[in-house]
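Fold and contact review
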Amino acid sequence: MLKIKTLGIYSLVFLVWAAVASVTTGLVFKIVVHQAEVVFNQRVMQLHESIELIARDNESIVEGFTAFLSAIEDVDRESASHYARQILSRYPHVNALEVALIVKRTERAKFIVNQKRSGLPRFKVKALSSLVDGRHAKRPVKKKPVYTPIIFIESISPDTRQLIGVDLDSTPLLRDALNQSRKLQASVATVPFKLVGGSRGYVLFHPVPDPPRGDHSKRKQAVALLEVNAEAIHKKIAFLVENLEFRLYYASYSSNEPEGLLLHIEASAPDALEARLFPRLTAERKLNSPGQPFALRVDKQLGWSDIDLPFVIAAGSTLLLFLALLLLFLNIYLRREAQKQMSANRLLHMATHDALTGLPNRTLLTDRFSQACSRTQRRDMTFATLFLDLNGFKKVNDTYGHEVGDHLLQTTGDLLKECIRDEDTLSRISGDEFVILLENASHENAEGVARKIQAKLMQPVIIQGIELKISISLGIAVYPDDGTEMNELLRKADARMYEAKEQSKGLLKDTDKDCA
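Residues numbered from 1 in each chain as written. Predicted model: local features only at pLDDT ≥ 70, side-chain atom pairs only at ≥ 80, totals over all residues. Heavy atoms only, no water.

In this section: the overall build of the protein. Along its length, the protein carries 14 helices and 20 strands. Here the protein has a C-alpha radius of gyration of 56 Å; the compact-globule value for 516 residues is 24 Å, and the former is much larger. Within the structure as shown, the protein displays about 28,500 Å² of accessible surface, and the carbon and sulfur contribution to it stands at 55%. The averaged location of the 62 negative side-chain charges in the protein is 15 Å from the averaged location of its 67 positive side-chain charges. (Helix = DSSP H or I, 4+ residues; strand = E, 2+ residues; numbered from the N terminus. Rg over C-alpha atoms; globule rule 2.2 N^0.38 Å. Areas by Shrake-Rupley, 256 points an atom, 1.4 Å probe, with all protein chains shown as cover. Lys, Arg positive; Asp, Glu negative; His and termini not counted. Charge placed at Lys NZ, Arg CZ, Asp CG, Glu CD.)

The antiparallel open sheet is built from 4 strands, whose spatial order is 16-17-15-20. Edge positions in the open sheet fall to strand 16 (425-430) and strand 20 (471-479), since each of these has one partner strand only. For this sheet, the mean angle separating the axes of adjacent strands, direction not counted, is 20°. Here strand 15 (residues 383-391) pairs with strand 17 (residues 433-438) via 6 bridges, running antiparallel. Each bridged residue has a counterpart across the sheet, and for Ala384 the counterpart in strand 17 is Leu438. Relative to strand 16, helix 11 (residues 402-417) is tilted by about 155°, and along the sheet it contacts strand 15, strand 16 and strand 17. Sheet contacts for helix 12 (residues 443-457): strand 15, strand 17 and strand 20; angle to strand 20, the most-contacted strand, approximately 170°. (Pairing = 2+ DSSP bridges. Axes fitted to C-alpha atoms, helices over the stretch in contact; angles between N-to-C directions. Contact = heavy atoms within 4.5 Å.)

The next subject is empty space enclosed by the protein. Enumeration according to the criterion identifies 3 cavities of 30 Å³ or more in this entry. Every residue lining the second largest cavity is listed: Ile51, Ile54, Ala55, Asn58, Tyr202, Ile233, Leu248, Leu262, Leu287, Gln292 and Phe294. It is helix 1 (residues 2-70) that contributes the most residues to the lining of the second largest cavity, 4 residues altogether. Taken together, the residues of the lining of the second largest cavity break down into 9 nonpolar, 2 polar and no charged. (1 Å grid on protein atoms, 1.4 Å probe; cavity = no way out; pocket = protein on both sides within 12 Å on 5 of 7 lines; lining within 4 Å. Points joined across faces, edges and corners; volume = space filled by probe spheres on them. Nonpolar A, V, L, I, M, F, W, Y, C, P; charged D, E, K, R; others polar.)

Next up on the list: the pairing of strand 10 (residues 222-229). Burial analysis of strand 10 places 8 of its 8 residues in the buried class, the great majority of the element. Here strand 10 shows two buried faces, one formed by Ala222, Ala224, Leu226 and Val228 and the other by Val223, Leu225, Glu227 and Asn229. Sheet topology places strand 9 (residues 200-207) next to strand 10; 7 bridges connect them, and they run antiparallel. Bridge pairing in strand 10 links Val203 to Glu227. (Buried < 20%, exposed > 50% of the residue type's maximum accessible area, 1.4 Å probe, protein only.)

With respect to the helices, strands and loops of the structure, Ile436 is situated in strand 17. C-alpha of Ile436 to C-alpha of Leu416: the two residues are 20 residues apart in sequence and 8.9 Å apart in space. Beyond its immediate sequence surroundings of up to four residues, Ile436 is in contact with Ala384, Thr385, Leu386, Leu388, Ile420, Thr425, Leu426 and Ile453.

This part is about the nonpolar core. Ile51, Phe205 and Phe246 are the most contacted members of the largest nonpolar core, which totals 88 residues. The biggest single contributor to this core is helix 1, with 14 residues. Setting aside residues no more than four positions away along its own chain, Ile51 makes contact with Ile233, Ile237, Phe246, Leu248, Leu287 and Leu296. Ranked by size, the runner-up nonpolar core spans 32 residues in total, among them Leu386, Val396, Leu408 and Leu457. (Core = buried A, V, L, I, M, F, W, Y, C linked by side-chain atoms within 4.5 Å.)

Moving on: the pattern of salt bridges. Two side chains that carry opposite charge are able to pair once their charged atoms sit near each other. For the structure on display, the rule yields 20 salt bridges. A salt bridge links Arg56 to Glu52; the shortest N-O distance between them is 3.9 Å. Within this pair, Arg56 and its partner Glu52 are both found in helix 1, separated by 4 residues, close to a single helical turn. On the basis of relative accessible area, Arg56 is assigned to the partly exposed category, the value being 46%. Looking at Glu52, the relative accessible area reads 5%, which means it is buried. The partner of Glu245 in a salt bridge is Arg247, with the nearest N and O atoms 3.0 Å apart. Each of the salt bridges in this network shares a partner with another, and the network as a whole consists of Glu245, Arg247, Arg280, Glu284, Arg297 and Asp299. (Salt bridge = Lys/Arg side-chain N within 4 Å of Asp/Glu carboxyl O.)

For the rest of this paragraph, the subject is the sheet that holds strand 12 (residues 261-265). Reading across the sheet, the 4 strands line up as 12-11-14-13 and stay open at both edges, with antiparallel pairing between neighbours. The open sheet has two edge strands, strand 12 and strand 13 (280-286), and neither has a second partner. Averaged over neighbouring strand pairs, the angle between their axes works out to 10° when direction is ignored. Bridge count between strand 11 (residues 245-250) and strand 12: 4 bridges; the pairing is antiparallel. Residue pairing across strands places Tyr249 opposite Leu261, the latter belonging to strand 12.

Structure below.
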């Protein structure tokens, strides 16, 4: 029973610890995830600032280029090329700087002749069928009031040279941004598309300011173009997007629409367990540039590498240490309680049992008698008491000493216990006197037990090498026939025991004359 109780206490303590550990683990998980979120947001902020800086650089570059163009009489290709090369060397993400002129249809033929004379012998105005799919097929330009052909590109290459003479108004993707830029007199970017070199990018338009009033220059209206290469942006921010999924897209599209996607950097596939355990973080930011309405989206699947493992290990170790200390203190407490219980039981045993034989004493016999009376009254039964006395015990003490006498009492107690049932009570009340309480027993039953005792004690016993023959005298009293009080029953049993001793018998039969 004590083991079951102890096991129950340990189980309860473990459940409490498990509950505390669960709450603590949840808090630790929340803290480390929050820390990872803070780091993630810092990286997103750095990315946003980097892209913002690139956008501001783009606007500064194209505005500076238009200011340069407005300061010269006509497009001086040599000066413009020198200026553009300096810009391209400093800003790798700028793929090209270009210039386009606004040409009326009536001036188209003369304009073509002038361009051929100025160093472009094969110059002609041409249209571009598509820029979205990247094929850049050329086709004859349609007749219309105004054309916007490209007359300058830096850096020049066999691929970009093919764009000389392309009418920017010939494809909707370029036309919309061009018209918006001229209307607002500000920088306006196109939707992302595939550049001539194959990578994705976009073009930023900015109209060249008209000459001041009173200036009699015949310079045509011009538009400056800045071509941005997404691959170069990738290289510039590569250290910031490690283990992140990054999308830079035109804000009027969603981040998943390929038409508006400028740059998409994929992260490695997450581990299945990490995907189950940790959340996926997402952040979106828009650029503050009205002319370059791009937005960025950053996704991050948290994993073990993003968690503060030393903190988690420290928390787990603390929980295990707490459990160990809890079990240690509980073990000490239970031991002390067990010792207290053992001391209490020992004191109770000393108070209710004979110190020599370990048999119940008169105090415990009185309690057992009360219980037997209650059961007998409820069940309409009887019980018997046997009063026993060792014959010649004083002679043994005087002849062989008290040590042999004590062993004789202990041996007699063991022999008497063999003659009764477990539910019966054998008590030593004094010296060589014993009392047996027989539960649910009649006078006949008691006589049978008495005969069994007499037969058992007829056999000699050997104590410290001394052979001793035991004889015993006993008397019987039955509840409630001989009385309802313990002292009354004991007196009658004692009287019958002495009468039997006088008659040299071990058993006295119960008669009415005996009770007189």
